[in-house]
Amino acid sequence: MPQNSLAGKLGLWTDSSEKAQGHLHDIQALGFDYLVVRVTHLSNGHAVPHSPATLKQLIKDAATIDLKIACWAYVFPTNIQDQIDGISAALPPEIDNLILDAEVEWEGIPDASAHTLMHGIAEATGHHAGLHLSSFCNPVDHPIPYKAFLTHSLSFMPQSYLFPPTSPATILHRTMVQSLPLAQFSLCKQLIPTVNAAPMLQAIKNPAFKGASVWLWHDDGTDDKGVQGRESIWQPAIDAWKSP
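Residues numbered from 1 in each chain as written. Predicted model: local features only at pLDDT ≥ 70, side-chain atom pairs only at ≥ 80, totals over all residues. Heavy atoms only, no water.

**Notes on the overall build of the protein chain**
Within the protein chain, the secondary structure is distributed over nine helices and 11 strands. Taking 18 Å as the expected radius of gyration for a compact globule of 244 residues, we find that the protein chain reaches 17 Å, a close match to that expectation. Overall size of the protein chain, expressed as C-alpha extent along the three principal axes, is 45 × 40 × 35 Å. A burial count over the protein chain gives 55% of its 244 residues as buried. In the protein chain, the share of contacts with a sequence separation of at least 24, taken over all contacts with a separation of at least 6, comes to 71%. Working note: accessible area of the protein chain is about 10300 Å², and carbon and sulfur atoms make up 56% of it. (Helix = DSSP H or I, 4+ residues; strand = E, 2+ residues; numbered from the N terminus. Rg over C-alpha atoms; globule rule 2.2 N^0.38 Å. Buried < 20%, exposed > 50% of the residue type's maximum accessible area, 1.4 Å probe, protein only. Contact = heavy atoms within 4.5 Å. Areas by Shrake-Rupley, 256 points an atom, 1.4 Å probe, with all protein chains shown as cover.)

Listed below in C-alpha cells is the structure:
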C-alpha cells in the first residue's frame, strides 16, 4: 500500500483556507485525520494559486499536531497544459495527496484528454503526490472518462451527497452499484466516498469503502452546510465510523 494512501482515514474538505485557519485542533479533536485544502482556482481562464500564503501556514500549523494536509483542484477539459503548469507550480512539496475534482464539464470528453491531464500533472510534480479522482457517485448519469482518470489515481472518491427527498439508502445503493466497480480501475482499487451529511457517513460504514471524507468544514453560502457549528450532529457519526 502506498505511503500516501488515504485508506482507513477520515478527511474533511474546505473551500476556504482562511475559514479553516485557527481551527485545526477543533478539526482533529472531532476525529478527522486530514484536511483537504484547495490549491488552485480558475481566474481569467488560468489555473492560479488559491490563497497560497494561507495554505503554507496551514501546512506548518498542521505539522505541529500531526494532522495531514491534502490538496484539491477543480479541473476542466480545456487549457489542459495551463492547468498542468498551474497546479504543479502551486502544489507545495510537503503535499503527498492531490485530489482532482472532475464534474459536468468532462461529460462526453474523450479519454485522451483525461490521460493527458493526469499524466501531465504526475510528471510535472515528480510523482511525489498521489492523485485521486473526485466525481459523481452515479456515473451512469454523468459519462465522464472515469477509467482514464482512474488509471492514474490511487483511489476513486465519489461524491455520495445527500439531498432530500433522496434517502441515504438510495445514495448508498448508487455508490455501491455504480461507483464501486469503477474504483477497481484505480491503482489501489480503493473507493473512498465523500459525504455531505452525518447520516451518509453512518450509511457508508461498510468494508467495501476503504476510507471517507466530508464536504465541508464551513457553510459555503449555498445548500452546503458545514461541520462547523454542527459538531453535536457530526460527532456521533464520526465516532461510529471510526469504531471497530
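So, next bit.
**Here's the deal with the packing of aromatic side chains**
Per the counting criterion, the structure on display carries seven aromatic pairs. Ring geometry for Trp106 against Phe149: centres 4.8 Å apart, planes inclined by 75 degrees, an arrangement best described as edge-to-face. Within this pair, whereas Trp106 is found in the loop between strand E6 (97-101) and helix H5 (111-124), its partner Phe149 is found in helix H6 (residues 146-150), the two being separated by 43 residues in sequence. Exposure remark for Trp106: the relative accessible area of 0% places this residue in the buried category. An angle of 65 degrees between the planes, with centres 5.9 Å apart, marks the rings of Tyr146 and Phe156 as edge-to-face. (Phe/Tyr/Trp six-rings, centres within 6.5 Å; stacked < 30°, edge-to-face > 60°.)

**Description of helix H4 (residues 80-90)**
Along H4, the positions that sit buried rather than exposed are Ile80, Gln83, Ile84, Gly86, Ile87, Ser88 and Ala90. Buried residues along H4 sit against strand E3 (40-43), strand E4 (46-49), strand E5 (68-74), E6 and H5.

**Concerning the pairing of E6**
Counting buried residues along E6, five of its five residues qualify, which places the element largely inside the surrounding structure. Pairing of E5 with E6 involves four bridges; the strand directions are parallel. For Ala73, the partnering residue across the bridge sits in E6 and is Leu100. As a crossover connection, the stretch from E5 through H4 into E6 is right-handed. The pairing of E6 with strand E7 (residues 130-136) spans five bridges and is classified as parallel. Each bridged residue has a counterpart across the sheet, and for Ile99 the counterpart in E7 is His132. For the handedness criterion, the β-α-β arrangement of E6, H5 and E7 is classed as right-handed. (Pairing = 2+ DSSP bridges. Right-handed = clockwise from strand over helix to strand, strands pointing away.)

**Comments concerning helix H3 (residues 52-63)**
Think of an α-helix as 3.6 residues a turn; residues three or four steps apart then line up on the same face. When the terminal C-alpha atoms of H3 are compared, their 17 Å separation across 12 residues agrees well with the 16 Å that a helix rising 1.5 Å per residue should span. Of all the positions in H3, only Thr54, Leu55, Leu58, Ile59 and Ala62 are classed as buried. Down the axis of H3, the buried set is contained in an arc of 140 degrees. They therefore lie on one face. Among the exposed residues of H3, those oriented more than 90 degrees off its buried face are Ala53, Lys56, Lys60 and Ala63. (Expected span 1.5 Å × (residues − 1). Arc of directions from axis to C-beta.)

**Quick word on the pattern of salt bridges**
Considering all chains together, one arrives at four salt bridges under this definition. For Arg38, the salt bridge identified is with Asp15, shortest N-O distance 3.1 Å. Separated by 23 residues along the polypeptide, Arg38 in strand E2 (residues 34-38) and Asp15 in the loop between strand E1 (10-14) and helix H1 (17-20) bring together distant segments of the chain. What makes Arg38 buried here is its relative accessible area of 16%. Note that Lys242 and Asp33 form a salt bridge whose closest N and O atoms lie 3.0 Å from each other. Taken together, the residues span a long stretch of sequence, with Lys242 in helix H9 (residues 231-242) and Asp33 in the loop between helix H2 (24-30) and E2 at a distance of 209 residues. A relative accessible area of 39% places Lys242 in the partly exposed class. What makes Asp33 partly exposed here is its relative accessible area of 25%. (Salt bridge = Lys/Arg side-chain N within 4 Å of Asp/Glu carboxyl O.)

**Structural notes on the nonpolar core**
Membership of the largest hydrophobic core comes to 67 residues, with the highest contact counts inside it found for Phe32, Leu98, Phe149 and Leu201. The leading source of residues in this core is H5, at five residues. Those residues in contact with Phe149, other than ones at most four positions away along the chain, are Ala102, Trp106, Ala114, Leu117, Met118, Leu133 and Ile144. In terms of nonpolar packing, the next biggest core, distinct from the first, is built from 14 residues, Val36, Phe76, Ile192 and Leu216 among them. (Core = buried A, V, L, I, M, F, W, Y, C linked by side-chain atoms within 4.5 Å.)

**Quick notes on the side chain of Asn196**
With respect to the secondary-structure elements, Asn196 resides in the loop between strand E10 (194-195) and helix H8 (198-203). Under the relative-accessibility criterion, Asn196 is labelled buried at 12%. A polar atom in the side chain of Asn196 sits 2.7 Å from the backbone nitrogen of Leu162. If sequence neighbours within four positions are ignored, Asn196 has contacts with Ser160, Tyr161, Leu162, Phe163, Trp215, Lys225 and Trp234. (Polar contact = N/O pair within 3.5 Å; in protein donor to acceptor, adjacent residues only side chain to side chain.)

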